Amino acid sequence: MGGRHVLRARQLIEGTLTGLDGGDLVRAARTVVAELGSAERLVPLVAELASGLGDPSGCAPLSYRHVLGFDKLLLVGAGAHHRLRAHVWHPGTVRAGHEDIHNHRSPLASYVVRGRLGMELYETAGDGALTAARYRESLSADVNDWLLEPAGSARLRLTQTAEYAAGSGYALSPYALHRAWCAAPGTTVTLFLETGVGRRRYTDVFTGAAAGRTERAQAYAKEPLGVAEYLEELRRLAELVADGGRLERARPA
């Protein structure tokens, strides 16, 4: 399903990532998301999706306002569960702010299309300066909620702080601990490629101080978008990425 640009995106993702794993997969995912994030590729792709091509009835239920502070819009599904998403960060909203420290189920790559993204990397360490409550995050049985199960506490050490401007990006292994936030005064848009290789059943989430944490499983409901709302968000995204492309082309060499 979908138009010419949707088909080209699927072919690029599947053709590049099929058969890869480990570091090769991480590096290839970064190359793919950077290519798809260029104005020449992304602007017509999102415009095509916003017109109703692609798979809006399949993508809308997998698109939602994420509890970590951004809007997650599924754009293209490809191959063995590879998913290309747009993450839209709105500063000044109630949910805006730093994410919890977390890792992912599979290797990923991200590319900043518009705005600026801040990120910190962490590692667990017995002498780490940050004490945090540790949870295992998985999907509940009905796959509509995030389920957080207490897994004790941990000490974390900050290993790197970075800021990614439009036109830059990164790739991470599934075990890399990090958190990100909108570092621009306006809306930030990132293109996010989640690979479908070797997916873990759960992720690790570290939040706040360990003292006083709730020692029971907690569920956080996903609120998927309806098709009409999803298409409206895509139309807004089309305006943002087109504007971001103009800013990129206007930037001095």
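Below is a summary of the structure that appears in this document.

A few points about the overall build of the protein chain
Then, number 1: On a plain count of helices and strands, the protein chain comes out with 5 helices and 13 strands.
Then, number 2: With 253 residues in all, the protein chain has 50% of them scored as buried.
Then, number 3: In the structure as shown, the protein chain presents an accessible area of about 11700 Å², 51% of it carried by carbon and sulfur atoms.

Here we look at the pairing of strand β11 (residues 188–194)
Then, number 1: For β11, the tally of buried residues reaches 7 of 7 residues, placing the bulk of the element in the interior.
Then, number 2: Here strand β3 (residues 82–89) runs beside β11; their pairing, made up of 7 bridges, is antiparallel. In the sheet register, Ala86 faces β11, and the bridge partner there is Leu191.

What about the packing of aromatic side chains?
Then, number 1: A complete count under the given rule lists 2 aromatic pairs for this structure.
Then, number 2: Relative to Trp89, the ring of Phe70 has its centre 4.6 Å away and its plane inclined at 40°; by these criteria the two rings are tilted. Of the two residues, Phe70 is situated in the loop between β1 (64–65) and β2 (71–78) and Trp89 in strand β3; the sequence distance between them amounts to 19 residues.
Then, number 3: You can call Phe70 buried: its relative accessible area is 4%.

A look at helix α2 (residues 22–37)
The periodicity of an α-helix, 3.6 residues per turn, causes residues three or four places apart in sequence to face the same way.
Then, number 1: Taking 1.5 Å per residue, 16 residues should reach 22 Å; α2 reaches 23 Å between its end C-alpha atoms and fits that length.
Then, number 2: The set of residues buried in α2 consists of Leu25, Val26, Ala28, Ala29, Val32, Val33, Leu36 and Gly37.

Some details on the pattern of salt bridges
Then, number 1: According to the stated counting rule, one finds 18 salt bridges in the structure shown.
Then, number 2: Here Arg105 makes a salt bridge to Glu137, at a shortest N to O gap of 3.2 Å. Taken as a pair, Arg105 in the loop between β4 (101–102) and β5 (108–114) and Glu137 in strand β7 (residues 130–139) lie far apart in primary sequence, 32 residues in all.
Then, number 3: A salt bridge links Glu163 to Arg116; the nearest nitrogen and oxygen atoms lie 2.9 Å apart. One end of the pair, Glu163, is in strand β8 (residues 145–165); the other, Arg116, is in strand β6 (residues 116–124), and 47 residues separate them in sequence.

Cut-off values and rules
- Residue numbers run consecutively from 1 along every chain, following the written order of its sequence.
- Only residues with pLDDT of 70 or above have their local features reported here, since the model is predicted, and side-chain atom pairs are shown and tallied only from 80 upward, although totals for entire chains, interfaces and linings are computed over all residues.
- Hydrogen atoms and water are omitted, and side-chain values are computed over all heavy atoms in the structure.
- Under the DSSP-based scheme used, a helix requires at least four consecutive residues in state H or I and a strand at least two consecutive residues in state E, with every element numbered from the N terminus.
- Throughout, exposure labels follow a simple rule: accessible area from a 1.4 Å probe, protein chains only, divided by the maximum for the residue type, with under 20% read as buried, over 50% as exposed, and the rest as partly exposed.
- Using a 1.4 Å probe, accessible areas were evaluated by the Shrake-Rupley method; residue-level cover was limited to the displayed protein chains.
- A pair of strands counts as paired when DSSP detects no fewer than two bridges linking them.
- Stacked, tilted and edge-to-face are the three classes applied to pairs of Phe, Tyr and Trp rings, where Trp contributes its six-membered ring and a pair requires centres within 6.5 Å; stacked means planes under 30 degrees apart, edge-to-face means over 60, and tilted covers the rest.
- To estimate how far a helix should reach, multiply one less than its number of residues by 1.5 Å.
- The rule for a salt bridge is simple: a side-chain nitrogen of Lys or Arg has to be within 4 Å of a carboxyl oxygen of Asp or Glu.

Shape is all these values report; function is a separate question.
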